[in-house]
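So the chains spell out like this:
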Amino acid sequence: QVQFVESGGGSVQPGGSLRLSCAASGSINSNYAMGWYRRAPGKQRELVATTRAGNTNYADSVKGRFTISRDNAKNTVYLQMNSLKLEDTAVYYCIVALGLLPNYWGQGTQVTVSS
């Protein structure tokens, strides 16, 4: 089993920045993907960014604005979110994936972008 401690969500104005952190505990190694999904109000859950063995993957909607990073020694993944937009408002979930799809999910942290 994997357990998560997520932090860093909150409210910010458009154009602002937030940094999400997620520390995972359990049998995780760098070959497992860690990353973030999100669910906006009234929408399906979608991939935001993942990282595995030094490689990264971003949704087109966040490329150039969000940066994912990982500390393998701490089993911690970060998401630096810059130039936030109203449409980035969502609950953000930390994930761990053994294969292509997430196997484990965090409890979620709310990110609200509003003026």
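Since the model is a prediction, treat every value here as computed from it, not as a measurement.

Enquirer: Would you mind showing me how to read the pattern of salt bridges here?
Expert: Between side chains of opposite charge, a pair can form when the charged atoms approach closely. Applying the stated criterion across every chain yields a total of four salt bridges. With its nearest N and O atoms 2.7 Å apart, the salt bridge here joins aspartate 88 to arginine 65. Of this pair, aspartate 88 sits in the loop between β8 (76–81) and β9 (90–97) while arginine 65 sits in the loop between β6 (55–58) and β7 (66–71), and the two are 23 residues apart along the sequence. Under the relative-accessibility criterion, arginine 65 is labelled buried at 11%.

Enquirer: Whenever I open this one, the environment of tyrosine 32 confuses me. Can you help?
Expert: Examined against the element boundaries, tyrosine 32 turns out to sit in the loop between β3 (18–25) and β4 (33–39). Of the residues examined, tyrosine 32 reaches a relative accessible area of 21% and is grouped as partly exposed. In the structure, tyrosine 32 is positioned 19 residues away from threonine 51 in sequence and 8.5 Å away in space, judged by C-alpha atoms. In contact with tyrosine 32, other than residues within four places in its own chain, are Ser27, Thr51, Arg52, Arg70, Val96, Ala97 and Leu98.

Enquirer: It is not clear to me how the sheet that holds β7 should be interpreted in this structure. Could you clarify?
Expert: Within a sheet, each strand pairs with its neighbour through backbone hydrogen bonds, oriented either parallel or antiparallel. Strand order in the open sheet formed by four strands is β1-β3-β8-β7, and the pairing between neighbours is antiparallel. Each having just a single partner strand, β1 (3–7) and β7 make up the two edges of the open sheet. Here the strands of the sheet are splayed against their neighbours by 15° on average, with no regard to which way each runs. As paired elements, β1 and β3 share five bridges and run antiparallel to each other. By the bridge assignment, serine 7 is partnered in β3 with serine 21.

Enquirer: Looking at this model, I keep getting lost on the nonpolar core. Mind explaining?
Expert: A general trend in soluble globular proteins is that nonpolar side chains are found buried together. Trp36, Val48, Phe66, Leu79, Met81 and Tyr92 are the most contacted members of the largest nonpolar core, which totals 28 residues. For this core, the elements supplying multiple residues, two or more each, are β3, β4, β5 (46–52), β7, β8, β9 and β11 (109–113). Not counting chain neighbours up to four residues away, the residues in contact with methionine 81 comprise Gly16, Ser17, Leu18, Leu20, Arg65, Phe66, Tyr92 and Val111.

Parameters at a glance
Residues numbered from 1 in each chain as written. Predicted model: local features only at pLDDT ≥ 70, side-chain atom pairs only at ≥ 80, totals over all residues. Heavy atoms only, no water. Salt bridge = Lys/Arg side-chain N within 4 Å of Asp/Glu carboxyl O. Helix = DSSP H or I, 4+ residues; strand = E, 2+ residues; numbered from the N terminus. Buried < 20%, exposed > 50% of the residue type's maximum accessible area, 1.4 Å probe, protein only. Contact = heavy atoms within 4.5 Å. Pairing = 2+ DSSP bridges. Axes fitted to C-alpha atoms, helices over the stretch in contact; angles between N-to-C directions. Core = buried A, V, L, I, M, F, W, Y, C linked by side-chain atoms within 4.5 Å.

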